[in-house]
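Understanding the architecture of this molecule
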Amino acid sequence: MSGRPGHEKLNPSGELPAYVDIGEPRRADPASLSDQELLRLIALEEREALEALYDRWSGAVYSLATHMLRDPGAAEEVTQDTFFRVWRRASSYRPERGKVTAWLFSIAHHRVIDEVRRRKRREQTQVSQDVELIDQPADDSTDPARYAILQMNRGELKDALFHLRPEQREVVLLAYYGGLTHSEIAQRLDKPLGTVKTRMRLALKKLRGIMGPQAQEWADNEV
Amino acid sequence: MKCEQAEEQLSPFLLGVLDPEESSGVDRHIETCPGCASRLAQSGDLMSEFALSVPQLEPPAAVKLQLLSRVEGDLVRDLTAGAIPRLFRRLGRGVALRAGFAIASTLVLALVLGAVWFNGRLSEVAQENQALALQMETAAQSEQNVKEMLRRVASIASEPDVTVKRLSATQSSPKSRGMIYLSARGGTALLTALDLPVLAANEVYQVWLVKDGQGFDTGVFTVDSSGYGHHFIDLTAPLAEFDAVVITVEQAGGSPGPTGRSVLKGDL
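Treat the numbers as computed from the prediction; the structure is a model and nothing was measured. (Residues numbered from 1 in each chain as written. Chains lettered and ligands numbered in written order. Predicted model: local features only at pLDDT ≥ 70, side-chain atom pairs only at ≥ 80, totals over all residues. Heavy atoms only, no water.)

Moving on to the overall build of chain A. The number of helices and strands found in chain A is 9 helices and 1 strand. A buried classification covers 46% of the 223 residues belonging to chain A. Long-range contacts, defined as pairs at least 24 residues apart, comprise 61% of the intrachain contacts of chain A with a sequence gap of at least 6. Of the accessible surface of chain A, which amounts to about 11,100 Å², a share of 48% is contributed by carbon and sulfur atoms. (Helix = DSSP H or I, 4+ residues; strand = E, 2+ residues; numbered from the N terminus. Buried < 20%, exposed > 50% of the residue type's maximum accessible area, 1.4 Å probe, protein only. Contact = heavy atoms within 4.5 Å. Areas by Shrake-Rupley, 256 points an atom, 1.4 Å probe, with all protein chains shown as cover.)

Take a look at the structure:
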C-alpha cells in the first residue's frame, strides 16, 4: 500500500510550480454546535467534534482533577483519559439521563476517584485526623472538604452549602471532592454508616431545593 | 427497587459513593422508570455545579495532542482489525479450492482415459501443482508483509513521545483527514489518511515535502476500499526544515513534480 523503490532518498525535482493554496473546504464549524450535536458526531468517529468538545470543556475537567488530586501531572492524565473515554463511549450517552456536561463531569469525577483510591492503596495511609468543621480553624492542606469550600469560586453553590448544617456539608464535600465512599466517610468521622447516609441524603435534597432555580439557569445557559 | 428508594440514591449514585450492588440496582431502575431518569438528570445538573465551582485552569497544549494521537491510533487499529484474517482467508480459500479441484481432476482423468492419456495428464498436473505451491508461498509472504506493516504503523502511532501534526482537507476531497506522526527517534515519519477517494487504476497518491515552494517527492501510496492509506517517510533531513506536507493525485508510478490536484495538506 505504500512506497515505491528508491523513495528513501528525497529527490529535488528541479523547476517546480510554487506551492499554491487552493483554499479550504468548510463544513459547519464544530465550535458552533451544541454539546449534544458534538457528541452525536463523536459517536460517528468525527475527530473534529471531539476536538471542539475538548476545547470547550477540558479546562473544567482539568480544573476539577487538579483540585482533587493537587498534582498537575496526574490531572493532565485524567483529562486525557476522560476525553478518550468520551471518544470510546459517545454512543452510550443517553439524553434522557441528563445533559452532556453532567455525563462528561461524571466520567471525569469517577476517573479522579479511581486515581484517589489507587493512591490510597499504594500509600496505605490511614486517615485518622478528624475533619474540621467549616466554621472552626483547621489545617486545610490535607482536608478535601475544607480546601474545597475555601477554593470555591461560584457563589451560588458556596452560598447553598452554607445553608446546610455543618455535619451535612462535610459529608457531601468529603464524598465529592474527597472521593470517599459512605463507609470511608463513616470511618473518618467515627459515625455510624446509617448516620452518614442520612446526612448525605438530606444534604443533597436541600441543595437541590436551594440550587434548583440557579442550577436551571446555568443549564439554560449551557451551549 | 422502588422509586422512593431509587430517588434517595440518585445523588449518591452520581457522587460515586454507592457500593457496586447498590449502584447496579439504581442503574437497572432508571432503565425502566422515566420519572427517576428525569430526576437523575436534575441531580446531574447539581453535580455539574460541584465540578464547575473549583478555580478554573487550562491544561497544557500537549494534553490535546496526546489525546488526538491516541484517537488516531484507535482509528488505525479499528480499520486494520481483521485485515489479516480477511486477506488470508480470501487468498487461502481460492488456493484451497484450486488445489482441491486440480487433485479431483487428476483422479477422474486417470480413471477415464487410457495409459497414454494418463502419462500425458500426469505431466500437466505436475506443472499445475508447482504453480499452486508458488501461489501459497506468495500468500504466506504477503501475510508476513502485512503483519510487519501493521506492526510499524501501530508502533509509531502509539509512541508516547511522538510528534503529531494534522493535515487539512482541500476542496477536491473535503471529507478526507490525515495525520503525520514523527517518531521521537526522528528518522521516520508516518502519514495516515482517512476517507480519501479510491483512485482509478492508473492513479496514485503522492506525498511531497515542501520547502520554499519546491516539492520533494517522498513516494506514493494507495488506499483501501474504505479510503484508508498510510505512507512511511524515511527522512534524510529533519522534518522541521520543511514548510509543509502535501498529498496530490498523480499518474501511476508517480510524477517528477506535483502536477495533480491536492487532497490533503498541512503546515510543519
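More follows now that the structure is in view.
Our next topic: the pairing of strand β3 (residues 188-194) of chain B. Residues and elements named next belong to chain B. When you tally the buried positions in β3, you get 7 out of 7 residues, the bulk of the element. Covered by surrounding structure in β3 are Thr 188, Leu 190, Thr 192 and Leu 194 together with Ala 189, Leu 191 and Ala 193, the residues of both alternating faces. Pairing of β3 with strand β6 (residues 229-234) involves 6 bridges; the strand directions are antiparallel. Directly across from Ala 193, in β6, lies its bridge partner Gly 229. (Pairing = 2+ DSSP bridges.)

Before going further, it helps to examine the pairing of strand β4 (residues 203-211) of chain B. Residue and element names in this part refer to chain B. With 7 of 9 residues buried, β4 lies mostly within the body of the structure. Relative to strand β7 (residues 244-251), β4 runs antiparallel, the two being bridged by 8 bridges. Each bridged residue has a counterpart across the sheet, and for Trp 208 the counterpart in β7 is Val 246. Of the pairings in the sheet, the one linking β4 to strand β5 (residues 214-221) comprises 7 bridges and is antiparallel in character. Counterpart to Lys 211 in the pairing with β5 is Gln 214. As consecutive antiparallel partners, β4 and β5 are separated by 2 residues, and within that stretch Asp 212 has a phi angle of approximately 50 degrees, a positive value.

Counting 79 residues, the largest nonpolar core has A:Leu39, A:Ile42, A:Val86, A:Ile185, A:Leu207 and B:Phe50 as its most contacted members. With 13 residues, helix α2 (residues 47-69) of chain A is the largest single contributor of residues to this core. Filtering out sequence-adjacent residues up to four positions away, A:Val86 remains in contact with A:Leu39, A:Ile42, A:Leu50, A:Leu53, A:Trp103, A:Leu104 and A:Ile107. Judged by nonpolar contacts, the second largest core, of 25 residues, contains B:Leu182, B:Val207, B:Leu239 and B:Val245. (Core = buried A, V, L, I, M, F, W, Y, C linked by side-chain atoms within 4.5 Å.)

The next thing to look at is the pattern of salt bridges. Under the counting rule described, the total for this entry stands at 21 salt bridges over all chains. Here A:Asp81 makes a salt bridge to A:Arg111, at a shortest N to O gap of 2.7 Å. Here A:Asp81, found in helix α3 (residues 72-89), pairs with A:Arg111, found in helix α4 (residues 100-123); they are 30 residues apart in sequence, far enough to count as distant. For the pair formed by A:Asp81 and A:Arg111, the shared burial category is buried. A salt bridge links A:Arg88 to B:Asp74, with the nearest nitrogen and oxygen atoms 2.6 Å apart. (Salt bridge = Lys/Arg side-chain N within 4 Å of Asp/Glu carboxyl O.)

Right, let's get into the packing of helix α7 (residues 166-176) of chain A against helix α3 (residues 34-52) of chain B. Their axes nearest at 11 Å, the elements α7(A) and α3(B) cross at an angle of 75 degrees. The angle between the axes of α7(A) and α3(B) places the two elements in the roughly perpendicular class. Where α7(A) approaches α3(B), its residues A:Val172, A:Leu173 and A:Tyr176 are matched on the opposing element by B:Met47, B:Phe50 and B:Ala51. Looking at the contact of α7(A) with α3(B) residue by residue, the classes come out as 6 nonpolar, no polar and no charged. (Axes fitted to C-alpha atoms, helices over the stretch in contact; angles between N-to-C directions. Parallel < 35°, antiparallel > 145°, perpendicular 65-115°, else oblique. Nonpolar A, V, L, I, M, F, W, Y, C, P; charged D, E, K, R; others polar.)

In this section: the side chain of B:Asp74. Looking at the element boundaries, B:Asp74 is found in helix α4 (residues 61-80). Those residues in contact with B:Asp74 that lie beyond four places of it in its chain are A:Phe84, A:Trp87 and A:Arg88.

All names here are of chain A. Along its 23 residues, α2 runs just 29 Å from first to last C-alpha, ending more than 12% under the 33 Å computed at 1.5 Å per residue. Most of α2 is tucked away, with 21 of its 23 residues classed as buried. Count one or two residues on from α2 and you reach Arg 70, which has phi positive near 55 degrees. (Expected span 1.5 Å × (residues − 1).)

If you look at the interface, chain A gives 82 residues, while chain B gives 86 residues. Where chain A touches chain B, the interface holds 10 salt bridges. Across the pair A:Arg97 and B:Asp27 runs a salt bridge whose closest N-O atoms are separated by 2.9 Å. Counting every contact that joins chain A to chain B gives 16 residue pairs in polar contact (both at pLDDT 80 or more). Within the residue set of the side of chain A that touches chain B, elements represented by two or more residues are β1 (11-12), α2, α3, α4, α6 (155-162), α7 and α9 (193-221) of chain A. If you tally residues by element for the side of chain A that touches chain B, the top one is α2(A), at 15 residues. Partitioning the side of chain A that touches chain B into residue classes produces 37 nonpolar, 22 polar and 23 charged. (Polar contact = N/O pair within 3.5 Å; in protein donor to acceptor, adjacent residues only side chain to side chain.)

Let us look at the packing of helix α1 (residues 3-15) of chain B against helix α2 (residues 20-32) of chain B. Residues and elements named next belong to chain B. Packing of α1 against α2 brings their axes to within 10 Å, and their N-to-C directions diverge by 115 degrees. In this structure, α1 meets α2 at a crossing whose hand is left-handed. Residue-level contacts link Cys 3, Ala 6, Gln 9, Leu 10 and Phe 13 of α1 to Glu 22, Ser 23, Val 26, Asp 27, His 29 and Ile 30 of α2. Here the residues of the contact of α1 with α2 sort into 6 nonpolar, 3 polar and 2 charged. (Left-handed = near helix turned anticlockwise from the far one by under 90°.)

Under the counting rule described, the total for this entry stands at 8 aromatic pairs over all chains. Residues A:Trp57 and A:Phe105 carry aromatic rings whose centres are separated by 5.9 Å and whose planes lie at 85 degrees to one another, so their mutual orientation is edge-to-face. Remark: A:Phe105 occurs in helix α4 and A:Trp57 occurs in helix α2; sequence separation between them is 48 residues. Neither residue differs from the other here; A:Trp57 and A:Phe105 are each classed as buried. Taken together, A:Tyr176, A:Tyr177 and B:Phe50 form an aromatic cluster joined through their ring pairs. For B:Arg70, the ring lying beneath its charged end belongs to A:Phe84, and the centroid distance is 4.1 Å. (Phe/Tyr/Trp six-rings, centres within 6.5 Å; stacked < 30°, edge-to-face > 60°. Lys NZ or Arg CZ within 6 Å of the ring centre and 35° of its normal.)

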